[in-house]
Amino acid sequence: VEPTDSPTACNECSNDRTPWMKNNEVKCYTYSKIKRKCANNKRWRNNNYCQLSCFLNEVEYEGDNCCAGPPTNPPTNPPADTPTECTQCTNATTPWMRRNGKNCNTFQGLNKKCKNNAVWTDNNYCQLSCYDSGNEYSGDICCNSSNNN
């Protein structure tokens, strides 16, 4: 039996990151907000950010059919964005924290912020400190954590 609805051609998709993701060393495949962005965010749509990861998470851009299955001739080197079990988390501070000389390691408001504040969640502020305090962002596993959650 021949499949009738399988696509005949696919396109190479990139995993180009947003400027914020590049500055904060965040990879597309580990970004916990990927399903909220992609096709649901105009800026992401206009720039095709994290195109392959969006496709693999079923929030692909209109018309995308990424070559994501096993290749006919496997590459000799794995793709640059191959997922790992953990991520090198950052401690990027908020603009307010920078203006007021605050840092993530000693910030007293982590329980109220981190995963409980949409702006923090959208920007992964104090990602490592949030993880270490038990307030990690969804899906985060920090390789460089002093804790083993």
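Please read all numbers here as calculations on a predicted model, not as lab measurements. (Residues numbered from 1 in each chain as written. Predicted model: local features only at pLDDT ≥ 70, side-chain atom pairs only at ≥ 80, totals over all residues. Heavy atoms only, no water.)

> Could you give an account of the nonpolar core, naming the residues involved and the relevant values?
Listed in full, the 12 residues of the largest apolar core are Met-21, Val-26, Cys-28, Tyr-31, Ile-34, Cys-38, Trp-44, Tyr-49, Cys-50, Cys-54, Val-59 and Tyr-61. Not counting chain neighbours up to four residues away, the residues in contact with Tyr-31 comprise Trp-20, Met-21, Val-26, Lys-37, Trp-44, Asp-122 and Asn-124. Grouped together as the second largest cluster of nonpolar side chains are 10 residues, Cys-104, Leu-110, Cys-114 and Trp-120 included. (Core = buried A, V, L, I, M, F, W, Y, C linked by side-chain atoms within 4.5 Å. Buried < 20%, exposed > 50% of the residue type's maximum accessible area, 1.4 Å probe, protein only. Contact = heavy atoms within 4.5 Å.)

> Explain the confidence of the model for the protein to me, using residue names and the numbers behind them.
Looking at the protein, pLDDT values average 81 and 81% of them are 70 or higher. The low-confidence segment residues 69-83 (pLDDT under 50) makes six contacts with residues lying over four places distant or belonging to another chain. (pLDDT = per-residue confidence, 0-100.)

> Which residues make up unusual backbone geometry, and what values do they have?
The general pattern is negative phi for most residues beyond glycine and trans for most peptide bonds. One non-glycine residue, Glu-58, lies in positive phi territory at about 60 degrees. Topologically, Glu-58 is positioned in the loop between α3 (51-56) and α4 (95-99). Here the phi dihedral of Asn-124 falls at roughly 55 degrees; this positive angle occurs in a residue that is not glycine. Tracing the backbone through its elements, the reader meets Asn-124 in the loop between α5 (118-123) and α6 (127-132). (Helix = DSSP H or I, 4+ residues; strand = E, 2+ residues; numbered from the N terminus.)

> Could you give me a rundown of the state of the cysteines, with the residues and numbers involved?
Taken as a whole, this structure holds eight disulfides when the rule is applied. Each sulfur in the disulfide pair Cys-10 and Cys-67 lies 1.9 Å from the other. Around the S-S axis, the bridge from Cys-10 to Cys-67 shows a dihedral of about 100 degrees and counts as right-handed. Remark: Cys-67 occurs in the loop between α3 and α4 and Cys-10 occurs in the segment before α1 (19-23); sequence separation between them is 57 residues. By relative accessible area, which is 36% here, Cys-67 ends up partly exposed. Here Cys-86 is linked by a disulfide to Cys-143, with a sulfur-sulfur distance of 1.8 Å. Taking the sign of the S-S torsion, 100 degrees for the link of Cys-86 and Cys-143, the bridge is right-handed. Of this pair, Cys-86 sits in the loop between α3 and α4 while Cys-143 sits in the segment after α6; the two residues are 57 residues apart in sequence, bridging distant segments of the chain. A residue is classified by how much of its surface remains accessible, and Cys-86, at 27% relative accessible area, is partly exposed. (Disulfide = S-S within 2.5 Å.)

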